[in-house]
Amino acid sequence: MITVLGSINMDLIATTPRLPQPGETVAGTGFATAAGGKGANQALAARRAGSGVRMAGAVGEDEFAGPALELLDQAGVDLTAVARSDAPTGTAQILVGGDGENMIVVVPGANGTIDDDQAHRAVGTMRAGSLLMLQLEIPAASVERALLSARAQHIVSILNTAPLTPQAAELATLADIVIANETEFSLLVGRPITQADARESAMREWHSERGQALIVTLGGEGVIAIRNGVIHTAKGLDIRPVDTVGAGDTFCGYLVSGLEQGLDFPDALRRAAIAGSLACMKAGAQPSIPSADEVAAHL
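Residues numbered from 1 in each chain as written. Predicted model: local features only at pLDDT ≥ 70, side-chain atom pairs only at ≥ 80, totals over all residues. Heavy atoms only, no water.

A count of helical and extended segments in the chain gives 10 helices and 13 strands. Taken over C-alpha atoms, the radius of gyration comes to 18 Å for the chain, in line with the 19 Å a tight globule of 299 residues would show. With the C-alpha coordinates of the chain rotated into their principal frame, the extents come out at 50 × 40 × 40 Å. Within the chain, the proportion of its 299 residues that are buried is 52%. Contacts spanning at least 24 positions in sequence make up 67% of the contacts within the chain whose residues lie at least 6 apart. Considering the chain, the positive charge centre built from 20 side chains and the negative charge centre built from 33 side chains are found 5 Å apart. (Helix = DSSP H or I, 4+ residues; strand = E, 2+ residues; numbered from the N terminus. Rg over C-alpha atoms; globule rule 2.2 N^0.38 Å. Buried < 20%, exposed > 50% of the residue type's maximum accessible area, 1.4 Å probe, protein only. Contact = heavy atoms within 4.5 Å. Lys, Arg positive; Asp, Glu negative; His and termini not counted. Charge placed at Lys NZ, Arg CZ, Asp CG, Glu CD.)

Okay, unusual backbone geometry next. It is generally the case that most residues other than glycine have a negative phi and that most peptide bonds are trans. For the bond running from Ala162 to Pro163, omega is -10°, close enough to zero to count as cis. Within the element layout of this structure, Pro163 appears in the loop between strand S9 (156-160) and helix H5 (168-172). Not every positive phi belongs to a glycine, and His154 is a case in point at roughly 60°. On the accessibility criterion, His154 (61% relative accessible area) is exposed.

Our focus in this paragraph is the packing of helix H6 (residues 182-189) against helix H7 (residues 196-210). Contact pair H6 / H7: the axes reach a minimum separation of 11 Å and the direction vectors enclose 55°. Classified by the angle their axes make, H6 and H7 are oblique. Crossing of H6 over H7 shows left-handed handedness. Where H6 abuts H7, its residues Glu182, Phe185, Leu188 and Val189 lie against Arg199, Ala202, Met203 and Trp206. Classifying every residue of the contact of H6 with H7 by side-chain character gives six nonpolar, no polar and two charged. (Axes fitted to C-alpha atoms, helices over the stretch in contact; angles between N-to-C directions. Parallel < 35°, antiparallel > 145°, perpendicular 65-115°, else oblique. Left-handed = near helix turned anticlockwise from the far one by under 90°. Nonpolar A, V, L, I, M, F, W, Y, C, P; charged D, E, K, R; others polar.)

Our focus in this paragraph is the sheet that holds strand S7 (residues 102-107). Read from one edge to the other, the open sheet built from four strands follows the order S3-S2-S6-S7, with strand pairing classed as mixed. Each end of this open sheet is capped by a strand with a single partner; those strands are strand S3 (30-36) and S7. The sheet shows a mean angle of 20° between the axes of neighbouring strands, taken without regard to direction. As defined by bridge partners, strand S2 (residues 9-15) adjoins S3 across seven bridges and the pair is classed as antiparallel. (Pairing = 2+ DSSP bridges.)

Coordinates in, geometry out; function isn't part of it.
In structure tokens:
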């Protein structure tokens, strides 16, 4: 079983023909709520990909807690490691423009109450060789504790460095597998990377120094990765995106599920890239995550 330690949110989504400039007010065309949070999104994606998944995190005692967990519960994700907090359930205010691009403000709420002890307990029940998925929407100290505990117990840790925080570069050195987008990778290495050859060179340097598998997502261009000294690339689908909010989390969940299911690394990358593309075809983070059958139909 995959364990995901991370955030659980309710997403408050407004759509508009274009995203506003600073200080500008624009008219919206729609509003919806949907379950979200990077941790919960990735847990649901891994579950829909066919893996057993346990979600560890926290929600409040408010009216958002039930809806935030509903799709996870319906999918059969193990929620026994989700704590109840006096703080409100986390929320994300999301603006989606007509081109599918988005702007997001996250209010951590209960996610910010996840402490070292909860992180340690989440990892403590895992078996050696199992998979732990982490992101950066919970306190950095808890992520660090989970990564160190995983290393001590020979658990494979996967860190998605989103959203990028000041501690991301340090935390990334503790994971077995690091997943970053282009912007995050540039910030991790401390310099802008705009050319393909420069990106591959920087990835080889990172991999040589740390020995970690590194995966960099490239949006519509697909994904590039290095593992065991070998560069791999994969393409998604040629699409016109409706909403890109859940694409990265869908990729992460499907990738971890592919590894858990024993797929060859290139095959896991390809399936995850396709899943991420399909997630751009519907609105909302969790409602847009495709099923394993939908992804298989495009392989």
